[in-house]
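Reading the structure
Spelled out from the first residue to the last, the chains are:
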Amino acid sequence: MKLVIINESESGQRLDKYLNKLLKEAGKSFLYKMLRKKNITLNNAKADGSEHLKAGDEIRLYFSDETYEKFAGKPVPVQPVVPPASGKKLPPVKIIYQDNDVMIVNKPAGILSQKANAEDVSLNEYILQYLLKKEKVTRESIATFRPSVCNRLDRNTSGIVTAGITYRGARELSRLLRERSADKRYLALVKGVLKRPAHLKGWLIKDKENNRVSIQPQQSEEAQEIETEYIPLGDNGRMTLLEIHLITGKSHQIRAHLASVEHPVIGDTKYGDELANGWYHRTYHGHFQLLHSWKLHFPAKDCELENLAGKTFRASLPENFLRVLEGEGLLSYVNMEQ
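If you're wondering where the values come from, they're calculated on a predicted model, not measured in any experiment.

Overview of the overall build of the chain
A tally of regular secondary structure across the chain gives 8 helices and 14 strands. Counting only C-alpha atoms and orienting by the principal axes, one finds that the chain spans roughly 75 × 45 × 40 Å. Across the 338 residues that make up the chain, the buried fraction comes to 48%. Once local pairs closer than 6 in sequence are excluded, the contacts in the chain between residues at least 24 apart make up 64%. Between the averaged position of the 51 positive side-chain charges in the chain and that of its 42 negative side-chain charges there is a distance of 2 Å.

A word on the sheet that holds strand E3 (residues 58-61)
Note: strands within a sheet are paired through backbone hydrogen bonds, in either parallel or antiparallel orientation. Taken together, the 3 strands give an open sheet; going across it, the order is E1-E3-E2, and neighbouring strands pair in antiparallel fashion. Since the sheet does not close on itself, it has two edges, and those belong to strand E1 (2-5) and strand E2 (40-42), each with one partner. In this sheet, neighbouring strand axes are inclined to one another by 15° on average, regardless of whether the strands run parallel or antiparallel. Where E1 and E3 come together, 4 bridges link them in antiparallel fashion.

A short note on the packing of helix H1 (residues 15-22) against helix H2 (residues 28-36)
The N-to-C vectors of H1 and H2 enclose an angle of 120°; their axes lie 10 Å apart at closest approach. Between H1 and H2, the angle is such that the two are oblique. When you trace H1 past H2, the crossing you get is right-handed. Two secondary-structure elements touch here, H1 through Leu-15, Asp-16, Leu-19 and Asn-20 and H2 through Lys-28, Leu-31, Tyr-32 and Leu-35. Considered class by class, the residues forming the contact of H1 with H2 number 5 nonpolar, 1 polar and 2 charged.

Some details on the nonpolar core
With 29 residues, the main nonpolar core has Ile-244 and Leu-258 as its most contacted residues. At the level of secondary structure, the elements contributing two or more residues to this core comprise strand E5 (102-107), helix H4 (123-133), strand E7 (158-164), strand E8 (183-191), strand E12 (239-246) and helix H6 (253-260). By residue number, the principal contributor to this core is H4, which donates 6 residues. Setting aside its immediate chain neighbours within four residues, Ile-244 contacts Lys-184, Arg-185, Tyr-186, Ala-188, Thr-228, Glu-229, Tyr-230, Ile-254 and Leu-258. Ile-6, Leu-22, Leu-35 and Leu-61 belong to the second-largest nonpolar core, a separate cluster that totals 21 residues.

Basis of the calculations
- Residues numbered from 1 in each chain as written.
- Predicted model: local features only at pLDDT ≥ 70, side-chain atom pairs only at ≥ 80, totals over all residues.
- Heavy atoms only, no water.
- Helix = DSSP H or I, 4+ residues; strand = E, 2+ residues; numbered from the N terminus.
- Buried < 20%, exposed > 50% of the residue type's maximum accessible area, 1.4 Å probe, protein only.
- Contact = heavy atoms within 4.5 Å.
- Lys, Arg positive; Asp, Glu negative; His and termini not counted.
- Charge placed at Lys NZ, Arg CZ, Asp CG, Glu CD.
- Pairing = 2+ DSSP bridges.
- Axes fitted to C-alpha atoms, helices over the stretch in contact; angles between N-to-C directions.
- Parallel < 35°, antiparallel > 145°, perpendicular 65-115°, else oblique.
- Left-handed = near helix turned anticlockwise from the far one by under 90°.
- Nonpolar A, V, L, I, M, F, W, Y, C, P; charged D, E, K, R; others polar.
- Core = buried A, V, L, I, M, F, W, Y, C linked by side-chain atoms within 4.5 Å.

Keep in mind these numbers describe shape, not what the thing actually does.
Have a look at this one:
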């Protein structure tokens, strides 16, 4: 007999979905059969799989050790966070906030939020290694719930990324972001002068093969509707610092949308202006686009994560962004307390 006790990170899941991950080599029909025959029980009682698990719940599996190991399969390895092949150290990740359910971190530019390829090291690996080291999760518990980021930033965009430590935290963060209840604000330095706030609308088309998007004014079959608001904070006659409200959250949305109205983000090599980028690299030796996920506000109501309700979190600007703002006389327009 194998006894499994549910911990905080796993609670909230349906029993059947939990069992599918715990015994990933067993088919669903087999698991339901074991539940019907009481070879799998929940708190010493018969269960049908629809029950939602709570911390402290006890699952008993009346299998031999050999049978359990056969159906559990090999554990998913935790990829270590290692410096890239160049030997350069990966930039540090600053934790802005953490409780039992969630983490909010300030992602440096140059790090993926999630893996694109199997060999990649991403923010997910940072978070998992940190939680294992702090004993917030175990190698056993991540077989049935693996903490991960709930929103993504492009590799070369810095700032706020949220992550679910528990199933409850990940589910609620994902809901708030999906339903747009959480208010996300960015700072961007763009080419040209903008004086008035604007609400941009358009339709975004993905080119997955080339990892690009394009913006068009009319709807088409493959296009996704997008909305982006911005408020000019100040300019120096050549460039403008914007506060951006990301209403919809599609791939490359901010960068492509601003480029479509001829105000590309400085340093953006994919959608940006070649001359402006050249000046930025020569003058400030910048390597990343000047786009930063700055602020995240959670609603006071309709937020199951009590510690987050009504709160606002901010991510400090990276050094290279601050250096450009100071050099261009725009630093006074940034108020990190707003």
